[in-house]
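Observations on the model geometry
The lines below spell out each chain.
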Amino acid sequence: MARMEARPKPVLREDWCKGCGRCVEVCARSCIAPGEQVNPGSGLVPISLRLDDCNGCGLCVDACPEPYALVAAGLAGRLAAARPPAPWAPPPEVPAERVPVPERRPLVLKGTHASAVGALLAGCRHFFGYPITPSTEGAELMAKLLPALGGTFLQAASEVATVNHMYGCGGAGRPSMTFTSSPGFSLMLEGISYMIGAEVPGVFVDVMRAGPGLGNIGPEQSDLKLACRGLGHGNTHAPVLAPATPQEMLDFTALAFELAFRYRTPVVVLADGHLGQMTGKVSLPRELARPGLPSWAVPGDAAHRGNLVCSLLLEEAQQERHNLALLEKYARVTAAEQRAELFRCDDAELVLVACNSPARTAKGAVQALRAEGIRAGLFRPQTVWPFPIRHLAPLLGRARAILVVEASDGQLEDELRLALSHAGRAPGEIRHVRRLGGVLPAEGEILAAARSLSAEVRQ
Amino acid sequence: MSALYERFERHDHGRGLKAQATHYCPGCGHGLAQQYLAQAIEKLGVQDRTVAVSPVGCAVLLYYYLDVGNTQAAHGRAPAVALGHKLAHPESVVVSYQGDGDLASIGLTEILHAAQLGIPLTVIFANNAVYGMTGGQLAPTTLLGQQTTTSPRGRGREMGQPLRMAELIAQLEAPVYVERVALYDAKQRVRAAKAIEKALRLQVEGAGFSFVEVLTECPTHLGLSPVEAERWVKERMTPVFPLGVKKDVAATPWGPWPEPSFDPEAVLAAVGAEPLADGAAPARVHALPPAGELGFKLAGAGGDGAQTAALLLVRAAIDAGLDATHIPSYGPESRGGTSYADVRIADGQVLSPDASAPDALVAFNAPSLARFGPAVRPGGLALYDGSVIAAAPALDPSVRLTGLPITGIARELGQPLVKNVVALGALQALTGIFPEERFLSTIREALRKRPALVEVNAEAFRRGARAAREA
């Protein structure tokens, strides 16, 4: 008969024992009994040990739900000696690289495809998405092109799954994106709030369609308010870019990745159904990006092991500090990232304000108004959050009126009015041309509204 | 030895006893399952590679304890987050740890799709038949008759029946290993620890998706002592949730995983970018006046090729140094409905891209001519397919209404599909917008991968142009 080796007996660390008694039953030698005395440290009643008959079988240790209450002897000494470690120091950031490339022949691409190409040039190799018209061609192009570049395309179970794949991939430090459209964007908002809270980068291209509900697949600027004011619960903001051409679909998607990692944030590229389908000339940038690896990431390696991606802060004071830090970040974004195109605004008395596809029609209208002798200009926000008030403010002295042209119920005008209000600016008259339901403002109706507004303010 | 921190610095900043105590109630099964997980991580030597995804629920604070890369997911979404991590870095070992509300109720979609996707992940599912963190409400795994704060008279049939997740997952094709274990006695605990280790090892080996359901005790919300709770799991839960291996199959290991490429040449080739022709800017050869702009409408039924013709027009314009846009619109049918294309070409930038009052219309059928003919600008062109439109409607007398046997010419060429190129040839001849060679070279380039079609298309273009000149 083999001799049993002498095995270490368990050590009870009384302060950490919650007295659950799960070890009591497992001991064949009745070494363990429910305790009777309250432990002054924990306020609980730990079990009591009498180890005279203990054979060191270890079953009690395996039964203890607390990792450091009933432990093997060697561990007990180490635990007692354990001191708070030095604060966790994540490794240095591996910065993204920019690789110059020679000029290429311009491509002819539709908006969604231009956006997908922009993502690839920006170094995105992970795509997650759920098909929804009119955004799907972007996803289809990614499905076609990513395998050749060693990338990953995953058609998710839903938009809810999509945003959480992005949360994981972004948390692991990789650039990822999705294409979606309004109803799908609604579904992603919970996850976007988590991404903002946990400061996870990712790019959302929302090819907006008419709503509410299922609406239709015609173009509408239906999600301006969601993107600017409603990115899920909590005090959330994220950069929102508004392209107006296939070229900008490429450029802004690439820019979105840069902003996403610069500010550790999701970034929304708001397109509309018209722009998604619009084909045009697209020049390629003269440099490509090779992503780095942020120091805060959780890629599953030794250097980053102490990192945590999390939006949960149980202490109110800590959560408040985190919110204040996010607000400070929003302020930095607001200071640095306002973008707008000004078209014939220098001497404009009448400023049209429009973004996305309606801005192109408005631009045509400005040309026609100028030909009639009306000093009109177009102010086109390229970022709708932050609203580019800094670029608009200098125009307000000369401009006597603003005409907001949009395919929504005033969602852009609300952003404009809020920005003016926060800037303490009282503009002249603000009027609007609004179409809904998949109908875009036509040049004729913009011209009619502009002429009558212009005549009115001249009197 | 295990992959647990020796001090829990995230637990109340490591103050006092909390530095080495969990936040779990006395006797809670989570503490055991998580220790077994930590021991398995240590034993397999994958602590540096492991990423743990915490759920919402009592186990949300897993990251207080596990000394690995940690992330915390929204309620029910842990498997989706885990997949994001795994696909970002396939060499990482990703564990999703979830409770029953998280996994079996709000997150049912995420767990089922992750399981059937089959990519190597390890999911530990703690089933205690009740919602713990929110205070003892009905769970999807609550037993029939079991009282909770939201089933105060016991769970009735009208509240649904308990979901057996291990069985549900096991009947999917992709998972390689599914087992249900318990913690109520020493034997079950040994099995539980082994199952968790095996589930993790299968991921390390790249075998596939594995799932361990652990029946855990929640003494607090069962209103029982920890020892009574162990008995309750054994006597009440296991008849409904039978223990054992539900699935254990060999599978072709996953991998090798794709390695992302950032090689500039590969990227440019993938997106179809080509070098500049001779490095020179394209010649601006066209008939547009300076700052001029033209609008075209190409309209017909699906299959007429209006969109392809529109895109050729746009490409030719861009190759001629102009700006151009195309917007399609379709009927709701997937095939065979209406198909309209708006094209605008500008010397400078196209402003408004729609062509509601086109300078030229190409109508492939009668409804298109009837609909868009009246919109053509005074002095503009309305070209239609005389092979299919017998009688054209009366239009503004200044509009040049031209019917040509577009389909007929294509049929003569033995290739009815080239009628859109016949129409482009005619359009070119009638407007002189570009030199003929500009169009032809665009067509040749578009068909570079199908050289057999080049000649018939070029001929279609020439025949269309000739017919227009002779008309």
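Residues numbered from 1 in each chain as written. Chains lettered and ligands numbered in written order. Predicted model: local features only at pLDDT ≥ 70, side-chain atom pairs only at ≥ 80, totals over all residues. Heavy atoms only, no water.

Structural notes on the sheet that holds strand β8 (residues 293-301) of chain B
Quick reminder of the rule: Strands were regarded as paired on the criterion that DSSP finds at least two bridges between them. Helix and strand labels come from DSSP, where a helix needs a run of H or I of at least four residues and a strand needs a run of E of at least two; each type is numbered from the N terminus. For every element, the axis is a line fit to its C-alpha atoms; helices are fit only across the contacting stretch, and the angle between N-to-C directions ranges from 0 to 180 degrees. Only heavy atoms enter the contact rule, under which two residues are in contact if any of them lie within 4.5 Å.
Strand order across the open sheet formed by eight strands is β6(A)-β14(A)-β9(B)-β10(B)-β8(B)-β11(B)-β12(B)-β13(B), with mixed pairing between neighbours. At either end of the open sheet lies a strand with only one pairing partner, and these are β6 (107-110) of chain A together with β13 (400-404) of chain B. Averaged over all pairs of adjacent strands, the angle between strand axes in this sheet comes to 20°, irrespective of strand direction. With two bridges connecting them, strand β14 (residues 279-282) of chain A and strand β9 (residues 323-330) of chain B associate as antiparallel partners. Of the residues in β9 of chain B, the one forming a bridge with G280 of chain A is T325 of chain B. Contacting β6 and β14 of chain A, helix α9 (residues 246-262) of chain A crosses the sheet at an angle of about 60° to β14 of chain A.

Let's talk about unusual backbone geometry
Residue and element names in this part refer to chain A. Going from G211 to P212, the amide bond is cis rather than trans, its omega being 0°. Of note, the amide linkage connecting W385 to P386 takes the cis form, showing an omega dihedral of 0°. Relative to the helices and strands, P386 is located in the loop between β20 (383-385) and α13 (389-392). Within the chain, R264 stands out as a residue other than glycine whose phi angle is a positive 50°.

A closer look at the domain arrangement of chain A
Residue and element names in this part refer to chain A. Defined as follows: Domain start and stop positions are those given by an automatic or database domain assignment. Here the quantity called buried area is the total loss of accessible area, with a 1.4 Å probe, experienced by two parts when brought into contact, counted for both. Put simply, a salt bridge is a Lys or Arg side-chain nitrogen that is within 4 Å of an Asp or Glu carboxyl oxygen. What qualifies as a polar contact is a pair of N or O atoms within 3.5 Å, subject to a donor-acceptor requirement within protein and to the restriction that residues adjacent in sequence count only when both atoms come from side chains. When residue character is reported, Ala, Val, Leu, Ile, Met, Phe, Trp, Tyr, Cys and Pro are called nonpolar, Asp, Glu, Lys and Arg charged, and the others, Gly included, polar.
Domain parsing of chain A yields domain 1 (10-81), domain 2 (105-336) and domain 3 (340-458). Its C-alpha centre places domain 2 at a distance of 28 Å from the equivalent point of domain 3. Overall, the association of domain 2 and domain 3 removes approximately 2,500 Å² of surface from exposure, summing both partners, and the carbon and sulfur fraction of that is 52%. Looking only at domain 2, the three residues that lose the most surface to domain 3 are Q221, L224 and R229, adding up to 24% of its buried area. For the interface between domain 2 and domain 3, the tally reads three salt bridges. At the junction of domain 2 with domain 3, the criterion picks out 21 residue pairs in polar contact (both at pLDDT 80 or more). Tallied by class, residues from the side of domain 2 that touches domain 3 come to 21 nonpolar, eight polar and six charged.

Overview of the side chain of S368 of chain B
Residue and element names in this part refer to chain B. Stated precisely, the cut-off is as follows: When a residue's accessible area, from a 1.4 Å probe over protein chains only, is under 20% of the maximum for its type it is buried; when over 50% it is exposed; and in between it is partly exposed.
The topology assignment puts S368 in helix α12 (residues 366-372). A relative accessible area of 2% means that S368 is categorised as buried. Not counting chain neighbours up to four residues away, the residues in contact with S368 comprise A299, G300, Y340, L361, A363 and G373.

Observations regarding the interface of chain B and chain A
In this complex, chain B contributes 101 residues to the contact, which on the side of chain A involves 96 residues. Summing both sides of the interface, chain B and chain A together bury roughly 8,200 Å²; the carbon and sulfur share of this comes to 60%. Linking chain B with chain A are eleven salt bridges, by the criterion used here. A salt bridge links R104 of chain A to E265 of chain B; the shortest N-O distance between them is 3.5 Å. With seven residues, the single largest contributor to the side of chain B that touches chain A is helix α3 (residues 78-88) of chain B. Of the residues that constitute the side of chain B that touches chain A, the class distribution is 53 nonpolar, 26 polar and 22 charged. Across two bridges, strand β16 (residues 308-309) of chain A lies against strand β2 (residues 69-72) of chain B in parallel orientation. Looking across to β2 of chain B, one finds that V309 of chain A is bridged to T71 of chain B.

Examining the sheet that holds strand β7 (residues 244-248) of chain B
Pairing in this open sheet of eight strands is mixed, and the strands run β16(A)-β2(B)-β1(B)-β3(B)-β4(B)-β6(B)-β5(B)-β7(B) from one edge to the other. The open sheet has two edge strands with one neighbour each: β16 of chain A together with β7 of chain B. Inspection of the sheet shows strand β5 (residues 177-182) of chain B paired to strand β6 (residues 210-215) of chain B by six bridges, in the parallel sense. Bridge assignment links V181 of chain B to a residue of β6 of chain B, and that residue is V214 of chain B. Of the strands in this sheet, β1 (50-54), β2 and β3 (93-99) of chain B are in contact with α3 of chain B, which crosses β3 of chain B at around 175°.

Focus on the side chain of D342 of chain B
Residue and element names in this part refer to chain B. If you trace the backbone, D342 turns up in strand β10 (residues 338-346). In terms of polar contacts, D342 uses its side chain to reach the side chain of K297, at 2.8 Å. In terms of polar contacts, D342 uses its side chain to reach the backbone amide nitrogen of A355, at 2.8 Å. The residues contacting D342, other than those within four sequence positions of it, are F296, K297, T325, H326, I327, P353, D354, A355 and S356.

A few points about the packing of aromatic side chains
Operational definition: Each pair of aromatic rings taken from Phe, Tyr and Trp, with Trp reduced to its six-membered ring, is defined by centres within 6.5 Å and is described as stacked if the planes are under 30 degrees apart, edge-to-face if over 60, and tilted in the remaining cases.
Counted by the stated rule, this structure contains 14 aromatic pairs over all chains. Consider the rings of Y68 of chain A and F8 of chain B, whose centres lie 5.5 Å apart with planes at 25°: the pair is stacked. Here Y68 of chain A is found in the loop between α2 (59-63) and β4 (70-72), whereas its partner F8 of chain B is found in the segment before α1 (29-44) on a different chain. Of the two residues, Y68 of chain A and F8 of chain B, both sit in the buried class. For the pair F439 of chain B and F461 of chain B, a centre-to-centre distance of 5.2 Å together with 45° between the ring planes defines the contact as tilted. Of this pair, F439 of chain B sits in helix α15 (residues 436-446) while F461 of chain B sits in helix α16 (residues 454-470), placing them 22 residues apart in sequence. With respect to burial, F439 of chain B and F461 of chain B carry one shared label: buried. An aromatic cluster of at least three residues, connected via ring pairs, comprises Y68 of chain A together with F8, Y24, Y63, Y64 and Y65 of chain B.

A look at the packing of α1 of chain B against helix α7 (residues 186-204) of chain B
Residues and elements named next belong to chain B. Note the threshold: Angles are sorted into four bins: roughly parallel if under 35 degrees, roughly antiparallel if over 145, roughly perpendicular if 65 to 115, and oblique for all others. Crossing handedness is defined as follows: a turn of the near helix away from the far one that is anticlockwise and smaller than a right angle gives a left-handed crossing, while the clockwise case is right-handed.
Between α1 and α7, the shortest axis-to-axis distance is 9 Å and the interhelical angle comes to 50°. Judged by the inter-axis angle, α1 sits oblique to α7. Crossing of α1 over α7 shows right-handed handedness. Across from L32, A33, Y36, L37, A40, I41, K43 and L44 in α1, the residues of α7 making contact are R189, A192, A193, I196, E197, L200 and R201.

Quick look at the pattern of salt bridges
Pairing is possible between side chains of opposite charge, provided their charged atoms come close. Scanning all chains against the criterion turns up 58 salt bridges over all chains. Its salt-bridge partner being E349 of chain A, residue R458 of chain A comes within 3.6 Å of it at the nearest N-O pair. Taken together, the residues span a long stretch of sequence, with R458 of chain A in helix α15 (residues 443-458) and E349 of chain A in the loop between β17 (340-343) and β18 (350-353) at a distance of 109 residues. Notably, a salt bridge pairs R7 of chain B with E9 of chain B, separated by 2.7 Å at the nearest N-O pair.

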